[in-house]
Amino acid sequence: MNTVPSFSPLVALVGNPNCGKTALFNRLTGARQKVANFAGVTVERKIGRYVSGSGRTWQILDLPGTYSINASTPDEQITQAVITGQHQSEAMPDALVCVVDATNLRRGLRIALELKQLNLPMVLAVNMMDVADKRKIQIDLNALSAALAMPVVETVAVRAQGEASLLAALEKLPLRLEKNPPATLEPTSALELQKQVNQLLKDCVNNSAPASVWTEKIDRIILHPILGTALFLFLMFLVFQAVFSWAEWPMEIIKASVEGLGDLLHENMSEGVLRDLLTQGIIGGSGAVLVFLPQIVILFFFILVLEDSGYLPRAAFLLDRLMGSVGLSGRAFIPLLSSFACAIPGIMSTRTIQNPRDRLITIMIAPLMTCSARLPVYALIIAAFIPNKPILGILSLQGLVLFILYLAGILSAMLVAWVMKPRNKSTHALMLELPDYRWPNLRNLGLGLWERIRIFTTRVGTIILALMVLLWFLSSFPGAPDNATHPAIYYSIAGMLGRGLEVIFAPIGFNWQICIALVPGMAAREVAVAALGTVYALSQHGDNLAQTLQPLIAQSWSLPTALSLLAWFVFAPQCIATLSVVKRETNSWRYPLIMVSYLFGLAYLASFLTYRIALFFLG
Ligand SMILES: Nc1nc2c(ncn2[C@@H]2O[C@H](COP(=O)(O)OP(=O)(O)OP(=O)(O)O)[C@@H](O)[C@H]2O)c(=O)[nH]1
Ligand SMILES: [Mg+2]
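Given the structure is predicted, the values throughout are model-derived calculations rather than measurements. (Residues numbered from 1 in each chain as written. Chains lettered and ligands numbered in written order. Predicted model: local features only at pLDDT ≥ 70, side-chain atom pairs only at ≥ 80, totals over all residues. Heavy atoms only, no water.)

Participant: In this structure, what is going on with the overall build of the chain? I would like to understand it.
Facilitator: Along its length, the chain carries 26 helices and 10 strands. Computed over the C-alpha atoms, the radius of gyration of the chain is 28 Å, within 12% of the 25 Å expected from 2.2 N^0.38 for a compact globule of 619 residues. Taking the principal axes of its C-alpha atoms as reference, the chain extends roughly 90 × 65 × 45 Å. Looking at the chain residue by residue over its 619 residues, the buried ones come to 53%. Considering only residue pairs separated by 6 or more positions, the chain has 74% of its internal contacts joining residues 24 or more positions apart. For the chain, the exposed surface amounts to about 28200 Å²; the carbon and sulfur share of it is 63%. (Helix = DSSP H or I, 4+ residues; strand = E, 2+ residues; numbered from the N terminus. Rg over C-alpha atoms; globule rule 2.2 N^0.38 Å. Buried < 20%, exposed > 50% of the residue type's maximum accessible area, 1.4 Å probe, protein only. Contact = heavy atoms within 4.5 Å. Areas by Shrake-Rupley, 256 points an atom, 1.4 Å probe, with all protein chains shown as cover.)

What follows is the structure in structure tokens.
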């Protein structure tokens, strides 16, 4: 009988940022952690496992990339703490896999030499060998292995079986069952390290080919102050145009299916509470959000392509001056850009910012970047109130309005950053790595989009659904009195709440139906759309249920109200999940509280001005 080894070693993947650690981790463990072509993608430790041929279970730890084991940023500190056994909740690893980028060995070998001092069993994985081969970089793995006195393997983390050699090397690694005591590091001088690296490169690497020619050529345009900036603006604009024009027909299909389902239930079920709950509460509510799936997918398509191509750090360079003028560090660019997807990963990736004050400012303004959950709200109101007419022949007016809303968020963020900026701040040059351009990996792109579809539909099917059922009950009971002049919802618990809130929000043009929707909208912003769907489905007299949300609000809101609501959502105090992440990252309640209050204030002010000005001009 075979005995299965019971000891499951903990192996940590360590190395420079952007060398492919997470790609390897995903390959080994079947996980789907985020992989992208810029430094600082992974900012927290992630654990996974795989079972090797011998039956042994290995625990694999993916860590944030680091340039040296002497950490300077909060994400690097995590890596340092884990590998030296000082992390509070993580045991010291039993072995290390040092991942290096074959096209950037000079930097990779530096950290390999540093890690070697920890005296842990270690394998060197020379990754990106496909790229190195193309560039005719020859690496003598045997010589490197002999010089470093450790197994050296080549890997291609983006190719099937690209990790096989690493698995084989791990199996052969002599592992001790008892843990080493935490190592005390004796820092080697930078000069000494450099000397050793130079020697290794001389003995083991034959690199006569120049660096990527393509990258240099493309950069001449993309990093050009005028051409590059124009291209950046064009790209951003393209995204918003695409969100509206490409999404049209898939949205029609979803809308028709949702409506068809509603009609089917309405016709085939007998009248009663259950039918109302299903058609008005669930289909009217969750269905109203589901329609926006295509727009979300298109937005993420662009984000993922930009992330994987290597464009993002370049955009950070282009905008560094502009950001510096309001006191933001160029490093804030990527966290802020990620916040367009969702503020939560954006806020987490501020861990790559070294200066605590810079980091705090970035956290505080991250929610002003329009997250994808707000897209349904914008899209709903824009589609209902902004005519779908072309301007200058090619641009759509709806896309332009969406662009302006995003821009309004960005400009207010810069204003807030400027207000928070320390007055005597010395500016320092932006040090960011520019990775080589890469074709976005199709599998990655597909997985990334699938992940988004899954997250979105899960939200529709769980939190939004649950809230809509609750809202439906609150909006249906108690029923209308006998002499009712309004629809029943007006007299319900939710109706009373909405009418109470209307006192506060009437000056900015919100009716009681909108006020009801604002409350569950705090759980997640797209819920506001679902809630409007339910509330308006219930506000209907008689049997004209077939009407979907968009024509309903077009009939019942004035244009100033619609504009005011758009302005509200540029600032709309963020969802509870964001606040709890701010609490965690800043370690206090102070900043989430400041954040809610200042955003609420700004939202109210912006809506008030918008409403009043619109009333003045539009009557
Ligand atoms: N061609 C090629 N690309 C690779 C390989 N390994 C990783 N990549 C790509 O390199 C980029 C960086 O990969 P990640 O796995 O995110 O790198 P990381 O080391 O986890 O980076 P951080 O989390 O920022 O420290 C991605 O665009 C990957 O698709 C490889 O072997 N060959
Ligand atoms: Mg990573």
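Participant: Looking at this structure, I do not really get the site of ligand 1. What am I missing?
Facilitator: Neighbouring residues of ligand 1: 26 residues in total, closest Lys 21, Thr 22, Ala 23, Thr 42 and Arg 438. Between Ala 36 and ligand 1, the recorded distance is 3.3 Å, taken from a backbone N or O atom to an oxygen atom. Within the backbone of Ala 157, a nitrogen or oxygen atom sits 2.9 Å from an oxygen atom of ligand 1. For ligand 1, whose unbound accessible area comes to 660 Å², protein coverage reaches 97%. Every element with two or more residues in the shell around ligand 1 is listed here: helix 1 (21-29) and helix 4 (129-134). Across the shell around ligand 1, the residue classes tally to 13 nonpolar, 9 polar and 4 charged. (Near = heavy atom within 4 Å. Polar contact = N/O pair within 3.5 Å; in protein donor to acceptor, adjacent residues only side chain to side chain. Nonpolar A, V, L, I, M, F, W, Y, C, P; charged D, E, K, R; others polar.)

Participant: For this particular structure, what's the right way to read the pairing of strand 2 (residues 46-51)?
Facilitator: Looking at chain direction, strand 2 and strand 3 (residues 57-62) are connected through 6 bridges and run antiparallel. Across the sheet, residue Val 51 finds its bridge partner in strand 3, namely Thr 57. Hairpin remark: strand 2 followed by strand 3, antiparallel, with 5 residues in the connecting loop; positive phi at Gly 55, about 90 degrees. (Pairing = 2+ DSSP bridges.)

Participant: Explain the domain arrangement of the chain here, please?
Facilitator: When the parts of a complex come together, some accessible area is lost, and that lost area is often taken as the interface size. Each domain of the chain was delimited in the assignment, giving domain 1 (10-207) and domain 2 (464-618). One C-alpha centre belongs to domain 1, the other to domain 2, and the line joining them spans 50 Å. (Domains from an automatic or database assignment.)

Participant: Which parts of the structure should I look at to understand the packing of aromatic side chains?
Facilitator: Any two aromatic rings considered together are summarised by their centre-to-centre distance and by the angle between their planes. Following the criterion strictly, the structure yields 20 aromatic pairs and no others. With a centroid separation of 5.8 Å and 15 degrees between ring planes, the pair formed by Phe 505 and Phe 510 is classed as stacked. As far as the burial class goes, Phe 505 and Phe 510 line up, both buried. Here the guanidinium or amino end of Arg 314 rests over the ring plane of Tyr 437, the centre of that ring lying 4.0 Å away. (Phe/Tyr/Trp six-rings, centres within 6.5 Å; stacked < 30°, edge-to-face > 60°. Lys NZ or Arg CZ within 6 Å of the ring centre and 35° of its normal.)

Participant: Looking at this structure, I do not really get the environment of Leu 402. What am I missing?
Facilitator: Note on placement: Leu 402 falls in helix 18 (residues 397-420). Among the residues examined, Leu 402 registers a relative accessible area of 0% and is labelled buried.

Participant: Which parts of the structure should I look at to understand the sheet that holds strand 2?
Facilitator: Strand-to-strand pairing in sheets goes through backbone hydrogen bonds, with the strands running parallel or antiparallel. Taken in spatial order, the 6 strands line up as 2-3-1-4-5-7 in an open sheet, and their pairing is mixed. The sheet is open, and its two edges are formed by strand 2 and strand 7 (152-154), each paired on a single side. Neighbouring strand axes in the sheet, compared pairwise and without regard to direction, differ in orientation by 25 degrees on average. This element, helix 3 (residues 105-116), spans strand 1 (10-15), strand 4 (95-101) and strand 5 (122-127) of the sheet and lies at about 165 degrees to strand 4. (Axes fitted to C-alpha atoms, helices over the stretch in contact; angles between N-to-C directions.)

Participant: Looking at this structure, I do not really get the pattern of salt bridges. What am I missing?
Facilitator: Here the idea is simple: oppositely charged side chains can pair when their charged atoms come close. Scanning the model with the defined rule gives 11 salt bridges in all. A salt bridge links Glu 307 to Lys 34; its shortest N-O distance comes to 2.7 Å. Pair noted here: Glu 307 is in helix 12 (residues 293-309) and Lys 34 is in the loop between helix 1 and strand 2, with a separation of 273 residues, a long-range link. Owing to a relative accessible area of 6%, Glu 307 belongs among the buried residues under this scheme. Lys 34 sits in the partly exposed class, given a relative accessible area of 40%. For Arg 459, the salt bridge goes to Glu 526, with nearest N and O atoms at 2.9 Å. On the criterion of sequence distance, the pair formed by Arg 459 in helix 19 (residues 442-476) and Glu 526 in the loop between helix 21 (512-518) and helix 22 (527-539) is long-range, its members being 67 residues apart. By relative accessible area, Arg 459 is classed as partly exposed at 29%. (Salt bridge = Lys/Arg side-chain N within 4 Å of Asp/Glu carboxyl O.)

Participant: Would you mind showing me how to read the coordination of the magnesium ion (ligand 2) here?
Facilitator: The coordination sphere of the magnesium ion (ligand 2) contains the protein donors Thr 22 (OG1) and Thr 42 (OG1), at a distance range of 1.9 to 2.0 Å. Of this pair, Thr 22 sits in helix 1 while Thr 42 sits in the loop between helix 1 and strand 2; the two residues are 20 residues apart in sequence, bridging distant segments of the chain. Residue classification places Thr 22 among the buried positions, given a relative accessible area of 8%. For Thr 42, a relative accessible area of 14% corresponds to the buried category. (Donors = N, O, S within 2.8 Å, 3.2 Å for Na, K, Ca; no water.)

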